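Topology and contacts: notes
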Amino acid sequence: MGKQPAIALGTWAWGDNASNKYFGDTLSAETLKPVVTAGMSRGFNLWDTAYAYGKGTSERLVGDLLSAYPRMDYQLSTKFTPRMAGNGPHEMADMLAGSLKRLRTDHVDLYWIHNPDDVEKWTPELIPLVKSGQVKRVGVSNHNLAQIKRASEILGTAGIRLSAVQNHFSLLYRSSERAGIIDYCHQHHIDFFAYMVLEQGALAGHYDVDHPLPAGSERAKVYNAVLPQLTQLTAAMRAIGAKQNASVAEVATAYALAKGTTPIIGVTQEKYIASTLRSEKVKLTPAEITQLETLAAATHVDTKGFWEAPMV
Ligand SMILES: NC(=O)c1ccc[n+]([C@@H]2O[C@H](COP(=O)([O-])OP(=O)(O)OC[C@H]3O[C@@H](n4cnc5c(N)ncnc54)[C@H](OP(=O)(O)O)[C@@H]3O)[C@@H](O)[C@H]2O)c1
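Residues numbered from 1 in each chain as written. Predicted model: local features only at pLDDT ≥ 70, side-chain atom pairs only at ≥ 80, totals over all residues. Heavy atoms only, no water.

Once that is clear, we can look at the side chain of Glu-59. Tracing the backbone shows Glu-59 in helix 2 (residues 57-66). At 3.3 Å, the side chain of Glu-59 forms a polar contact with the backbone nitrogen of Tyr-51. When residues no more than four places from it in sequence are discounted, the contact partners of Glu-59 are Thr-49, Ala-50, Tyr-51, Thr-78, Ser-99, Arg-102 and Leu-103. (Helix = DSSP H or I, 4+ residues; strand = E, 2+ residues; numbered from the N terminus. Polar contact = N/O pair within 3.5 Å; in protein donor to acceptor, adjacent residues only side chain to side chain. Contact = heavy atoms within 4.5 Å.)

Written out as structure tokens, the structure reads:
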């Protein structure tokens, strides 16, 4: 498996379909092909998905579009979602089998347990999947510090390392930092993947009070009501970014990079790839980080997802 890029690309929005309008996007293989081409040509070769994103819609698009490339040129990251599992004897192996089929591969580079519903029950099920070679690295998502430590211990009994943690982290949502999870990951050489760094567009710069998120989408229900509270923060991000020719979204991503995380940026348009690349060059000073964190705290906006539990 190749080196892990500094930024991973996310595909939850690719899961929007007729029965699921979370993002309110209209994406298809045709509209997403230029995104994949641009991403692959700029070294963004780690693609994060999940069966849960449109019950396979996202995985299918990822598999179809990436199958144009040699398998060794890209890394696939997908998830077992306990909340979507039934009561069968091999729920994780079965969900993975479906993912492998849709992703058109015989292995995934990273396999995650999507939420910590039952750490004792689900963590051991990763072990045979690693041993069979279907899974190269394992991670846990939305787990708190105690759950991360327990998952690591369970895997350790089989000589398997917990390789990564994937939690919500942005200027507006720093619970994993406050809970000591990011520090713990750094100390134990576990990669911390930060998701929703752009708060699904609310910290991307093009949505504001006058330009709300797409009407009728689930993300609009979450964020449109709080856009007025974000005005000062996004104005400061814009001003800080302007000094380096960077956009609001690029500052948001640079912030997550400055904290030593691997951001997963949800990409829906070709132009976002060049933008994501630019964010790697943006350097925020300690004073700028403090200014942004102070303004973010002053918004009093809580962006905890409906699927998340508090980390502290
Ligand atoms: N493990 C978990 O429980 C979990 C939960 C959530 C997300 N994730 C993962 O993390 C990924 C990222 O989260 P997300 O997709 O929900 O939200 P996000 O990355 O915070 O925001 C993505 C949205 O921001 C806009 N955007 C992206 N790049 C941009 C740029 N350079 N400039 C301006 N706008 C830009 C796009 O919105 P428009 O298309 O509207 O412009 C895009 O849909 C997901 O795709 C998924 O892979 C995991």
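Turning our attention to the packing of helix 10 (residues 231-242) against helix 13 (residues 286-298). Where helix 10 meets helix 13, the axes come as close as 9 Å, and the angle between the chain directions of the two elements is 165°. The angle between helix 10 and helix 13 places the two elements in the roughly antiparallel class. Along this stretch, helix 10 crosses helix 13, giving a crossing that reads as left-handed. Residue-level inspection shows Gln-232, Leu-233, Ala-236, Met-237 and Ile-240 of helix 10 in contact with helix 13, the latter providing Glu-288, Gln-291, Leu-292, Leu-295 and Ala-296. Class assignment of the residues belonging to the contact of helix 10 with helix 13 gives a composition of seven nonpolar, two polar and one charged. (Axes fitted to C-alpha atoms, helices over the stretch in contact; angles between N-to-C directions. Parallel < 35°, antiparallel > 145°, perpendicular 65-115°, else oblique. Left-handed = near helix turned anticlockwise from the far one by under 90°. Nonpolar A, V, L, I, M, F, W, Y, C, P; charged D, E, K, R; others polar.)

With that out of the way, let us pick up the nonpolar core. Core analysis: the largest hydrophobic core is formed by 104 residues, its most contacted members being Trp-14, Trp-47 and Tyr-111. The biggest single contributor to this core is helix 11 (residues 248-258), with seven residues. Not counting chain neighbours up to four residues away, the residues in contact with Tyr-111 comprise Thr-78, Lys-79, Phe-80, Met-92, Met-95, Leu-96, Leu-126, Leu-129, Val-135, Arg-137, Val-138 and Gly-139. (Core = buried A, V, L, I, M, F, W, Y, C linked by side-chain atoms within 4.5 Å. Buried < 20%, exposed > 50% of the residue type's maximum accessible area, 1.4 Å probe, protein only.)

Let's shift gears to the pattern of salt bridges. On inspection of all chains with the given rule, the structure shows 16 salt bridges. The salt bridge involving Glu-250 is made with Arg-278; its shortest N-O contact spans 3.1 Å. With Glu-250 in helix 11 and Arg-278 in helix 12 (residues 271-279), this pair connects stretches of sequence that are 28 residues apart. By relative accessible area, Arg-278 is classed as partly exposed at 43%. (Salt bridge = Lys/Arg side-chain N within 4 Å of Asp/Glu carboxyl O.)

Residues other than glycine predominantly adopt negative phi, and peptide bonds predominantly adopt the trans conformation. The backbone phi angle of Asn-142 is positive, close to 60°, even though this residue is not glycine. On the secondary structure map, Asn-142 appears in the loop between strand 5 (135-141) and helix 6 (145-156). The residue Asn-245 is not glycine, and still its phi comes out positive at about 55°. Along the chain, Asn-245 turns up in the loop between helix 10 and helix 11. Judged by its relative accessible area of 69%, Asn-245 falls in the exposed class.

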